[in-house]
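The chain contents come next:
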Amino acid sequence: MEQTMKAAIYDEFHSPIRIGYVPIPQTPPDGVLIQVKATGVCRSDWHGWVGHDHDIRRHGLPFVPGHEFSGIIVDIGSQVVVASKKKNKLCIGSRVVVPFILSCGSCVECTVRNRSTVCTSQQQPGFTMYGSFAEYVAIPRADRNVFILPDTISFVEAAALVTRRRRSSH
């Protein structure tokens, strides 16, 4: 695999977004690397682009936005239990969708209250880390943050529904 990927990048807040190259993210030991097949655009992306989001400010510029996406697993971390291609099992080639909020699974909100959307150690593609306006996104804690996409739902449909599904379930 090449060492860089195309991405939509902004170098300054409220400035033109350019297409450039950034390093392909490393696959986390407990996560997966996903080839993005579809990504949505949300008003939250605009807030990040104009500089309203503190997570992006902490991350620093340049930045790659995007948090509503679906794709195909192309690499699996060493700590992820590899499965053959079975229903609801992650493996290379699986069609997947990722929630906007990546929860940790170990804080009080995740374990006791079952409220992963307010996880105290959450990560968010396109806010705390490079997002889906790129060819690949690395997702940590795949066992709780990556979901098999049914064949009856297209990549585009899944990307459009990601944020809505997460909000409606909590």
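Q: Give me unusual backbone geometry: which residues, what numbers.
A: The amide bond that connects L61 to the next residue, P62, takes the cis arrangement and shows omega of 5°. In this model, H14 sits at a positive phi of 60°, which is unusual for a non-glycine residue. Its place among the elements puts H14 in the loop between β1 (4-9) and β2 (18-23). For R141, which is not glycine, the phi torsion reads 50° and is therefore positive. Counting through the fold element by element, R141 comes out in the loop between β6 (136-139) and α4 (142-145).

Q: Describe helix α1 (residues 43-50), and please don't skip the residues or the numbers.
A: Those residues of α1 lying buried are D45, G48, W49 and V50. Its buried side turned inward, α1 meets α2 (54-59). Positive phi appears at G51, one or two residues downstream of α1, with a value of about 100°.

Q: Give a description of the pattern of salt bridges that names residues and reports values.
A: One pass over the structure, following the stated rule, counts five salt bridges. The residue R115 makes a salt bridge to E109 at a minimum N-O spacing of 3.9 Å. Using a relative accessible area of 12% as the deciding quantity, one classes E109 as buried. Linked by salt bridges that have partners in common, E109, R113 and R115 make up one network.

Q: Kindly report on the side chain of R141, identifying the contributing residues and their values.
A: Buried charge R141 goes without a salt bridge, the closest partner of opposite sign being D30 at 4.9 Å. For R141, the side chain forms a polar contact with the main-chain oxygen of S103, separated by 2.7 Å. Setting aside residues no more than four positions away along its own chain, R141 makes contact with D30, G31, L102, S103, C104, S121 and Q123.

Cut-offs used in this document
Residues numbered from 1 in each chain as written. Predicted model: local features only at pLDDT ≥ 70, side-chain atom pairs only at ≥ 80, totals over all residues. Heavy atoms only, no water. Helix = DSSP H or I, 4+ residues; strand = E, 2+ residues; numbered from the N terminus. Buried < 20%, exposed > 50% of the residue type's maximum accessible area, 1.4 Å probe, protein only. Contact = heavy atoms within 4.5 Å. Salt bridge = Lys/Arg side-chain N within 4 Å of Asp/Glu carboxyl O. Lys, Arg positive; Asp, Glu negative; His and termini not counted. Polar contact = N/O pair within 3.5 Å; in protein donor to acceptor, adjacent residues only side chain to side chain.

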